[in-house]
Amino acid sequence: MEGIARKTSQFNGVVAQGRTRATPCMDVSGNRSNYFWVVFRGGEFTRKGDGEYRNWAFYGKFTRKDNVATFHRR
């Protein structure tokens with residue numbers, strides 16, 4: 001996974017990954033942003049950026065401590 005946000009990651013069982021260009025929900029100017037996404041079976045993600053929601057959104061079975069999210073198989 002690549003991206004602008006500072007991070008480290010270790011994803012196991014990557015099923016798909018990609019990049020989407022879209023207009024953020026709260027952006028009334030119509031500017032488009034790049035979003036990087038990964039579908040995987042387990043792993044760990046450490047955020048090293050500012051921690052805003054738009055840079056730190058995820059879903060699934062996980063545990064989180066501070067800026068480290070550890071993902072588990074469902």
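Quick look at the structure, then. (Residues numbered from 1 in each chain as written. Predicted model: local features only at pLDDT ≥ 70, side-chain atom pairs only at ≥ 80, totals over all residues. Heavy atoms only, no water.)

Quick notes on the overall build of the protein
Threshold: Strands here are runs of E lasting at least two residues and helices are runs of H or I lasting at least four, both read from the DSSP assignment and numbered beginning at the N terminus. We call a residue buried when its accessible area falls under 20% of the maximum for its residue type, exposed when it is over 50%, and partly exposed in between, using a 1.4 Å probe and counting protein chains only. Note on definitions: a residue-residue contact is assigned when non-hydrogen atoms from the two residues lie within 4.5 Å. Here, Shrake-Rupley sampling with a 1.4 Å probe gives the accessible areas, and only protein chains in the shown set may cover a residue.
The helix and strand tally for the protein stands at zero helices and six strands. Starting at the N terminus, the α and β elements of the protein follow one another as β-β-β-β-β-β. Sorting the 74 residues of the protein into buried and exposed places 15% on the buried side. Put simply, of all contacts in the protein between residues at least 6 apart along the chain, 46% involve residues at least 24 apart. When the accessible surface of the protein is split by element, carbon and sulfur atoms take 49% of a total near 5900 Å².

Regarding the packing of aromatic side chains
Geometrically, a pair of aromatic rings is defined through the distance of the ring centres and the angle of the planes. Keep this limit in mind: Working definition: a ring pair exists when centres of Phe, Tyr or Trp rings (six-membered ring for Trp) sit within 6.5 Å. Plane angles under 30 degrees give stacked, over 60 give edge-to-face, the rest tilted.
Enumeration over the complete set of coordinates arrives at six aromatic pairs. Ring centres of Phe 58 and Phe 62 lie 4.7 Å apart, and the angle between their planes is 90 degrees; this geometry places the pair in the edge-to-face category. For Phe 58, a relative accessible area of 27% translates into the label partly exposed. Members of the aromatic cluster, connected to one another through ring pairs, are Phe 11, Phe 40, Phe 45, Phe 58, Phe 62 and Phe 71.

Overview of the pairing of strand β6 (residues 68–71)
Stated precisely, the cut-off is as follows: What makes two strands pair is DSSP finding at least two bridges between them.
Side chains Ala 69 and Phe 71 of β6 all project onto a buried face; the interleaved residues Val 68 and Thr 70 project onto a face where none is buried. Where strand β4 (residues 42–47) lies against β6, four bridges are found, and the strand directions are antiparallel. Of the residues in β6, the one forming a bridge with Phe 45 is Ala 69. The pairing of strand β5 (residues 62–65) with β6 spans four bridges and is antiparallel.

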